[in-house]
Amino acid sequence: MRRLAIVLCAVLLLAGCARPVTTAMPQAWLKPGVQVSLPPPGIRPAFSEQQLLTGKVKGQQQSLMVLLSANSDSVTLAGLSSLGIRLFRLTYSSSGIHSEQAIALPKMPPASQVLADVMLSRWPVSAWQPVLPRGWTLVDAGLQRQLRDQNGTLITEIHYLMRGDRRQPVSIQQFAFGYLITIQTLDP
């Protein structure tokens with residue numbers, strides 16, 4: 001998706017100062033012209049991971065290290081440079097999304113767009129059903145999850161890997177926006 005590609009490209013263009021932004025009603029695009037509110041931020045069981053995200057869009061590939069932490073009250077996503085410098089931090093709680101960006105780029109996507117893919121891959125289907133547009137489906141089938149629009153068109157496909165007793169996302173293919181995110185979870 002363009003939003004991830006922009007985020008990943010922005011990592012390479014470190015500039016500017018941190019600037020906090022809070023959004024009370026977080027929304028995200030599922031496909032062009034279709035926007036939804038994000039499900040509530042809490043999830044159980046809580047988890048915390050370090051991941052390497054690699055985005056591919058239009059033949060370009062960029063990687064970003066992220067720290068992801070979620071519990072029953074909030075989710076936090078922090079992006080780091082290859083040197084470990086924090087580039088951005090997003091926290092979604094009952095008060096909305098709070099973001100701090102150390103990258104001053106006008107084309108930086110809203111925090112809710114970054115969180116949407118994380119939540120689409122991690123939050124239970126039952127959390128997404130109330131916010132999806134009429135006729136849209138989100139279906140789990142073993143190690144795969146598919147989001148389809150009201151016409152049955154595949155919009156997003158997520159693949160998983162079992163790690164112990166937990167199913168973890170390893171790729172997110174977004175067909176409507178034309179991008180692929182691969183996710184490598186790093187051991188603590």
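Criteria and cut-off values
Residues numbered from 1 in each chain as written. Predicted model: local features only at pLDDT ≥ 70, side-chain atom pairs only at ≥ 80, totals over all residues. Heavy atoms only, no water. Helix = DSSP H or I, 4+ residues; strand = E, 2+ residues; numbered from the N terminus. Buried < 20%, exposed > 50% of the residue type's maximum accessible area, 1.4 Å probe, protein only. Contact = heavy atoms within 4.5 Å. Areas by Shrake-Rupley, 256 points an atom, 1.4 Å probe, with all protein chains shown as cover. Phe/Tyr/Trp six-rings, centres within 6.5 Å; stacked < 30°, edge-to-face > 60°. Lys NZ or Arg CZ within 6 Å of the ring centre and 35° of its normal. Core = buried A, V, L, I, M, F, W, Y, C linked by side-chain atoms within 4.5 Å. pLDDT = per-residue confidence, 0-100. Polar contact = N/O pair within 3.5 Å; in protein donor to acceptor, adjacent residues only side chain to side chain. Salt bridge = Lys/Arg side-chain N within 4 Å of Asp/Glu carboxyl O. Pairing = 2+ DSSP bridges.

Novice: Go over the overall build of the chain with me, naming the residues and quoting the values.
Specialist: Scanning the chain from N- to C-terminus turns up 3 helices and 13 strands. Split into buried and exposed, the 188 residues of the chain put 47% on the buried side. Considering only contacts within the chain whose residues lie at least 6 apart along the sequence, 51% involve residues at least 24 apart. As presented, the chain carries roughly 9,300 Å² of accessible surface, and 56% of it is formed by carbon and sulfur atoms.

Novice: An account of the packing of aromatic side chains is requested, with residue identities and associated values reported.
Specialist: Enumeration over the complete set of coordinates arrives at 0 aromatic pairs. For the cation-ring pair, Arg167 lies above Tyr160, with the distance from its terminal atom to the ring centre recorded as 3.7 Å.

Novice: Tell me about the nonpolar core, and please be specific about residues and values.
Specialist: In this structure, Leu38, Leu77, Leu115, Trp123, Trp128 and Leu147 are the most contacted members of the largest nonpolar core, which totals 42 residues. The contact partners of Leu115, leaving out residues within four places of it in the chain, are Leu38, Val75, Leu77, Leu90, Tyr92 and Ile97.

Novice: Explain the confidence of the model for the chain to me, and be specific about the residues and the numbers.
Specialist: For the chain, per-residue confidence averages 83 on the pLDDT scale, and residues scoring 70 or more make up 81% of the total. Here residues 1-19 scores under 50 on pLDDT; set against residues more than four positions off or in separate chains, the count is 60 contacts.

Novice: Lay out the side chain of Gln146 in plain terms, naming residues and giving numbers.
Specialist: Note on placement: Gln146 falls in strand β10 (residues 144-148). The class of Gln146 is buried, set by a relative accessible area of 16%. A distance of 2.6 Å separates the side chain of Gln146 from the side chain of Glu157, its partner in a polar contact.

Novice: An account of the environment of Leu161 is needed here, citing residue identities and associated values.
Specialist: Inspection of the secondary structure assignment puts Leu161 in strand β11 (residues 154-163). Sequence spacing of Leu161 and Leu143 is 18 residues, and the spatial spacing of their C-alpha atoms is 6.5 Å. Those residues in contact with Leu161 that lie beyond four places of it in its chain are Arg166, Arg167, Gln168 and Val170.

Novice: Let's hear about the environment of Asn71: which residues, and what values?
Specialist: Checked against the element boundaries, Asn71 lands in the loop between β5 (60-70) and β6 (75-80). A relative accessible area of 30% places Asn71 in the partly exposed class. Between the alpha carbons of Asn71 and Pro41 there is a distance of 8.3 Å; along the sequence they are 30 residues apart. Once residues lying within four places of it in the same chain are set aside, the contact partners of Asn71 are Pro41, Gly42, Ile43 and Ala46. A distance of 2.9 Å separates the side chain of Asn71 from the backbone nitrogen of Ser74, its partner in a polar contact.

Novice: So, the pattern of salt bridges: which residues are in play, and what are the values?
Specialist: The full count for this structure, using the stated rule, is 5 salt bridges. Across the salt bridge formed by Arg122 and Glu49, the nearest N and O atoms sit 2.4 Å from each other. Taken together, the residues span a long stretch of sequence, with Arg122 in helix α2 (residues 111-122) and Glu49 in strand β4 (residues 47-57) at a distance of 73 residues. Glu49 carries the same exposure label as Arg122, and that label is buried. One salt bridge connects Glu100 with Arg86, and the closest N-O pair in it is separated by 3.1 Å. In this pair, Glu100 is assigned in strand β8 (residues 96-101) and Arg86 in strand β7 (residues 86-93), connecting sequence segments 14 residues apart. Connected through shared salt-bridge partners, Asp140, Arg145 and Arg167 make up one network.

Novice: Tell me about the pairing of β7, and please be specific about residues and values.
Specialist: One face of the sheet, then the other: side chains in a regular strand alternate in exactly this way. Most of β7 sits out of view: 6 of its 8 residues are buried. Strand direction decides the pairing type here: β6 and β7, joined by 6 bridges, are antiparallel. Residue Gly79 lies in a different strand from β7, and its bridge partner there is Phe88. Joining the antiparallel neighbours β6 and β7 is a turn of 5 residues, in which Gly84 adopts a positive phi near 85°.

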